Amino acid sequence: MNDFDITIIGGGIVGLATAMYAQNKYPKKSIAVFEKESSLAKHQTGNNSGVIHAGIYYQPDSQKAKFCWPGSLLLRKFCDEHNIEYELCGKLIVASDESEINSLDNLFERGKNNGVNGLQLVDESKINEIEPYVRGVKGLWSPNTGIVDYIKLTEAYAKIFQSKDGQIYKNTKLLNILSGTTNLILETNKGDFSAKYLINCAGLHADRIAQMMKLDTDVRIVPFRGEYFTLTDDAKKMVNGLIYPVPDPDLPFLGVHFTKRINNEVEAGPNAVMAYSREGYKKFDINPSDLFESFTYLGFWKMVKNNWKTGLSEQYRSLNKFKFVQSLQKLIPEIKSKHLTNPGAGVRAQAIDKNGKLLQDFSIIHSSNSLHILSAPSPGATSSLKIAEHLMSELNI
Ligand SMILES: Cc1cc2nc3c(=O)[nH]c(=O)nc-3n(C[C@H](O)[C@H](O)[C@H](O)COP(=O)(O)OP(=O)(O)OC[C@H]3O[C@@H](n4cnc5c(N)ncnc54)[C@H](O)[C@@H]3O)c2cc1C
């Protein structure tokens, strides 16, 4: 049986950043990553919006606030050093009418307190200069928000890890964990392995890995699909960078927006609707056991009770393209249904607790021989190096 000092479950951006940092900290230890898919970054990392967030939105004192801005700087430095293309195209958050100005001003203060450099409140004429097709009464301009290809970044982390003897086992799904006398026995579809220490970076399945370790976490992952469209070539000229509405402060999602991608496409969306499968990228993908798990968790029903109005309106917008277009027209009035093509989706791992509360922050827990990233929502990709740095500061083996 192969024996490792540290085994990391999950070949997404957080898993690979962690693997790379673990190897720097423990160059003599044997370290492996298990990924159930045939390639890295297949799930959240490979289906995300590709934004290098600056860190404007996050509650002061949250880990998101602490990790995002420094994480974005670490990430940009890594890209510079390893020749990975990124672009600081900037982001404009737009107050569409007077009623949103107060929230926009609060965001400006919060962003500054979170250490984000370069933020500016802008008036209508400056909005026009930055994004000529956008209509709004006031804007918050973040010139240090950017875009990147997170699959390429994950692959770059992996290459460095492997070049220093790190092992990546693809097509290797962790099925169960048993406690041996000194080690953990990891049962996988490729046979048994043993490990002294386990780090759980399994994204949409992180709660299940924690349960395999018999940890009583009281947190479950509920999958939410974020659906988007791509703008047609003639509509792309209406967007220079990233254009967002003022978000609802009570929800972890940012509202439908326009996102320039590093491949020069522009996406419009995403909304946030409950998915019926943890890896359900199509509207009607259903996984009965995922659904059963959600429906038998009391926290799920409490979440439904607290958020049913927003949930219904997001579902309605998911089924009604006209409504989707209306939300986008709030930012760019000239956008029409004919400009939206190639629908796609990503699935977010939304952690909820037993009281139905949507966990907004990163959530990391420990046991004597394991560390679990139970929740790494956006800006998890931006913060990946900072999350890995933090995990290493907690790890003492
Ligand atoms: C729609 C969407 C848009 C987003 N936009 C942004 C953005 O613009 N900027 C940003 O910073 N963040 C964004 N995020 C958040 C970001 O993508 C995540 O924080 C980040 O990708 C989390 O990485 P991860 O490695 O934890 O998870 P994942 O990328 O999901 O990786 C987990 C991996 O674990 C593997 N795995 C699971 N179970 C097992 C098992 N039993 N055995 C072996 N392997 C297993 C999975 O196959 C998967 O590859 C977005 C997320 C979504 C969904």
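### Here's the deal with the site of the ligand
Here's step 1: The environment of the ligand is made up of 38 residues, and the closest members are Glu35, Thr45, Val51, Ala376 and Thr382.
Here's step 2: Here Glu35 contributes a side-chain N or O atom positioned 2.6 Å from an oxygen atom of the ligand.
Here's step 3: Residue Lys36 places a main-chain N or O atom 3.2 Å away from a nitrogen atom belonging to the ligand.
Here's step 4: The protein chains hide 98% of the 1000 Å² of surface that the ligand would expose on its own.
Here's step 5: Looking at the shell around the ligand, the elements with two or more residues in it are helix H1 (13–25) and strand S18 (340–353).
Here's step 6: In terms of residue count, the dominant contributor to the shell around the ligand is H1 (three residues).

### Quick look at the packing of helix H2 (residues 63–81) against helix H5 (residues 150–163)
Here's step 1: In the contact formed by H2 and H5, the axes pass within 12 Å of each other and the chain directions differ by 70°. If you check the angle between H2 and H5, you find them roughly perpendicular. Taking contact as the criterion, the partners of Leu75, Phe78 and Cys79 in H2 are, on H5, Tyr150, Leu153, Ala156, Tyr157 and Ile160.
Here's step 2: Classifying every residue of the contact of H2 with H5 by side-chain character gives eight nonpolar, no polar and no charged.

### Looking at unusual backbone geometry
The phi torsion of most residues other than glycine is negative, and most of the peptide bonds are trans.
Here's step 1: At the junction of Gly269 and Pro270, the peptide bond is cis and its omega measures out at -10° in the coordinates.
Here's step 2: On the secondary structure map, Pro270 appears in the loop between strand S16 (266–269) and strand S17 (273–274).
Here's step 3: A cis geometry characterises the amide bond from Ser378 onward to Pro379, with omega recorded as 10°.
Here's step 4: Topologically, Pro379 is positioned in the loop between strand S20 (370–375) and helix H11 (384–394).
Here's step 5: At Asn171, a position not held by glycine, the phi torsion is positive, near 55°.
Here's step 6: Looking at where Asn171 falls in the secondary structure, it is placed in the loop between strand S9 (167–169) and strand S10 (174–179).
Here's step 7: Its identity as a non-glycine residue notwithstanding, Asn264 has a phi of 75°, on the positive side.
Here's step 8: Topologically, Asn264 is positioned in the loop between strand S15 (257–260) and S16.

Scoring rules and cut-offs
- Residues numbered from 1 in each chain as written.
- Predicted model: local features only at pLDDT ≥ 70, side-chain atom pairs only at ≥ 80, totals over all residues.
- Heavy atoms only, no water.
- Near = heavy atom within 4 Å.
- Polar contact = N/O pair within 3.5 Å; in protein donor to acceptor, adjacent residues only side chain to side chain.
- Areas by Shrake-Rupley, 256 points an atom, 1.4 Å probe, with all protein chains shown as cover.
- Helix = DSSP H or I, 4+ residues; strand = E, 2+ residues; numbered from the N terminus.
- Axes fitted to C-alpha atoms, helices over the stretch in contact; angles between N-to-C directions.
- Parallel < 35°, antiparallel > 145°, perpendicular 65-115°, else oblique.
- Contact = heavy atoms within 4.5 Å.
- Nonpolar A, V, L, I, M, F, W, Y, C, P; charged D, E, K, R; others polar.

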